[in-house]
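What the coordinates show
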Amino acid sequence: MKKRLDLPLLTTLGALSFFVFVPMLSAFEYSIRTPLEGGYGLTHYKWAVDNEDFFHYILRSGWLSALTVLITLIILVPTVTWLHLSDSKLRPLIDALSLLPLVIPVVAFAVGAQISFPEFVQNTVLELPFLYFVLALPYAYRALDIGLNSIPLKTITEAARSTGASWVRTIISVIIPVIRGAVMATVALTFALSIGEYTLTVLLHWDTFPTWVTYVAQENILGAIAISMMSLVIPFVLLTSITLLTPDRSAQRRK
Amino acid sequence: MTSKDLTLTNVSRRFGTVTALDNFNLHVGVGELVALLGPSGCGKTTALRIIAGLESLDSGKVAVGEKDISKVPAHKRNMGMVFQAYSLFPNLTVEENVAFGLQMRKVAKHSRLKRSQELLELVGLPSHAKRFTHQLSGGQQQRVALARALAFSPEILLLDEPLSALDAQVRVNLREEIRRLQISLGTTTVFVTHDQEEAMSISDRVGVMSNGVLEQIDTPDVLYNEPATAFVANFVGVMNRIPANLADGKVNIFGKNLVASKKGSETGKIVALLRPETILVKKSENQGNAKVLTRSFLGASSAIICQTHEGTIVQSLMASLNTGEFQPGTSVDLEVTVNEVMVANG
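Let me begin by describing the structure that accompanies this report. These figures come from a predicted structure and were not determined experimentally.

Conventions used here
Residues numbered from 1 in each chain as written. Chains lettered and ligands numbered in written order. Predicted model: local features only at pLDDT ≥ 70, side-chain atom pairs only at ≥ 80, totals over all residues. Heavy atoms only, no water. Helix = DSSP H or I, 4+ residues; strand = E, 2+ residues; numbered from the N terminus. Buried < 20%, exposed > 50% of the residue type's maximum accessible area, 1.4 Å probe, protein only. Contact = heavy atoms within 4.5 Å. Expected span 1.5 Å × (residues − 1). Buried area = accessible area lost by both parts, 1.4 Å probe. Salt bridge = Lys/Arg side-chain N within 4 Å of Asp/Glu carboxyl O. Polar contact = N/O pair within 3.5 Å; in protein donor to acceptor, adjacent residues only side chain to side chain. Pairing = 2+ DSSP bridges. Axes fitted to C-alpha atoms, helices over the stretch in contact; angles between N-to-C directions.

This part is about the environment of Thr240(A). Along the chain, Thr240(A) turns up in helix H14 (residues 221–245). Residues Thr240(A) and Ala188(A) lie 52 residues apart in sequence; the distance between their C-alpha atoms is 9.4 Å.

Residue and element names in this part refer to chain B. Of note, Gly 60 is situated in strand E4 (residues 59–64). Residue Gly 60 is classed as partly exposed on the basis of its relative accessible area, which comes to 37%. For the pair Gly 60 and Asn 23, spaced 37 residues apart in sequence, the C-alpha to C-alpha distance is 7.5 Å. What Gly 60 contacts, discounting residues up to four positions off in sequence, is Thr 9, Asn 10, Val 11 and Ser 70.

What follows covers helix H4 (residues 138–151) of chain B. When the terminal C-alpha atoms of H4(B) are compared, their 20 Å separation across 14 residues agrees well with the 20 Å that a helix rising 1.5 Å per residue should span. In terms of residue burial, H4(B) counts as a mostly covered element, since twelve of its 14 residues are buried. As for H4(B), its buried residues are in contact with helix H9 (153–162) of chain A together with strand E6 (79–82), helix H2 (94–104), helix H3 (109–122), strand E7 (156–160) and helix H5 (168–185) of chain B. Directly beyond the C-terminal end of H4(B), a positive phi value near 45 degrees is found at Ser153(B).

Let us now look at the interface of chain A and chain B. Taken together, the contact between chain A and chain B spans 22 residues of the former and 27 residues of the latter. Counting each side, the surface lost to burial between chain A and chain B is near 2,200 Å², with a carbon and sulfur contribution of 60%. Between chain A and chain B we count one salt bridge in total. For Glu158(A), the salt bridge is made with Arg49(B), and the minimal N-O distance between the two is 2.6 Å. The interface formed by chain A and chain B contains three residue pairs in polar contact (both at pLDDT 80 or more). Among the secondary structure elements, those contributing two or more residues to the side of chain A that touches chain B are H9 and helix H10 (167–178) of chain A.

This brings us to the sheet that holds E7(B). Residue and element names in this part refer to chain B. Spatially, E6-E7-E8-E3-E9-E10 is the arrangement adopted by the six strands of the open sheet, whose pairing is mixed. The sheet is open, and its two borders are formed by E6 and strand E10 (213–218), each paired with just one other strand. When strand polarity is set aside, the average angle formed by the axes of neighbouring strands in this sheet is 20 degrees. Bridge count between strand E3 (residues 33–37) and strand E9 (residues 205–210): four bridges; the pairing is parallel. Of the residues in E9, the one forming a bridge with Leu 36 is Gly 207.

Don't take any of this as a statement about function, it's just geometry.
Spelled out as structure tokens, the structure:
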């Protein structure tokens, strides 16, 4: 029997293709043009990879983002778990506070950081992961909040505790694996936001991959587009492999 | 055997203005199963959570054997606990769930999986080791939870209404199984429930709680036949409350003078507390002293609910034989078969 076409699904896919895939494919098509020789080729990709700064900056952004993810998980997972378990009256307040990074202009945030942070903090690039953490907070907090809301957290935590797990073991061995989906979403959102962050980084006078790309674009726009295409692929491959390497062991749940 | 005895001494716990436990004392002997029974909000679950270390106490002492564990965190108490429901770890297989406590105690993998298999055999699920918990029924999940709580040979086993989410038939089977396992392993056990049948059927002793206080703790037989307080008398089993007058230590019920056993300073207008099995229903040729409202056939016995001419509802429990004639509306004579009656203030 012929299956009915799903109109809303088609509309969504259509809109997604039009606004995301079409521009991306166009950019890709543009990046493989070879204006001098005519036709297509990977000249600009080769130029980008041959540029020694390419790996320097992509690695730098990579580890800064990885560190941001780590900071986010270490701070947020226990905090949000505690908020859920303690039934704290502070929870609505913290819910609201977690949204603040969305409404504070990044410029104000950057200027504030420059005025208030001591010099030894401003002298190290390690200030960036902590600031990225704040920028990613609204998304990361909500992802974890939804994850913890969807499980019988109190019982599972108490079962783990009474079976002999310390708080740290309870979080690492029980809570994180059980809300795996939410943790993966937190990792993905935080990583993507950090690796693409431009405004704050530039305002604090640091160079990372996105700032380097805009610098490169001034001398070779096609090369910059080629670099951007690659920078899209790298986090995508990374996040997909993380997801595949940590399979959901009880995925058969859906009936 | 690793089991030890458990002692709670003068334990108090308040939540804001509510007193959950008030100078609560309890001793559970080695290998004994004690049920804490009471209406919701009586403090039984708080008591269990304090024993487990999941709740702090305001004052008093919890001791396992000779050791005061009042300040010991939950994960170092070496107690197994089974919760009401949904406490298994969904990311682990059945055998990994059972082995979890051993993993936390750094037992080698092959030993803990072997122990896990032993426990699964004990609870009748040896072929379910590799399954995930969502592939099990509610009863099977609670069996796994029980296996998990017992796998590391805890000093005390705590059961927090483990049967209340299950179907009637599964409940009865599983409670028998819990008792069988508890006896064979000799594990000191505290069992919290609001279901008196459950508590009475498998416990060595039952503690009846009300408003944070242990009203009485005794064997099920003593609790039923010799309740220490009117609360216990009313809470445990079915109890008829028949208004009467107390004079010279005697009460007249259905024309029979009974010796009143007082628990307090009752006098004058009181209610007599009589179990249904102490009341006999006889067919009356004339008006009688009551009329039958309903008769419920329960198998070997039948419950006959009557209303006296004064309006009091009285329940009788009799052997089903010859109770078929008690149709609704039948005039009957009620008689009391005992000579002594417990009385309470009306």
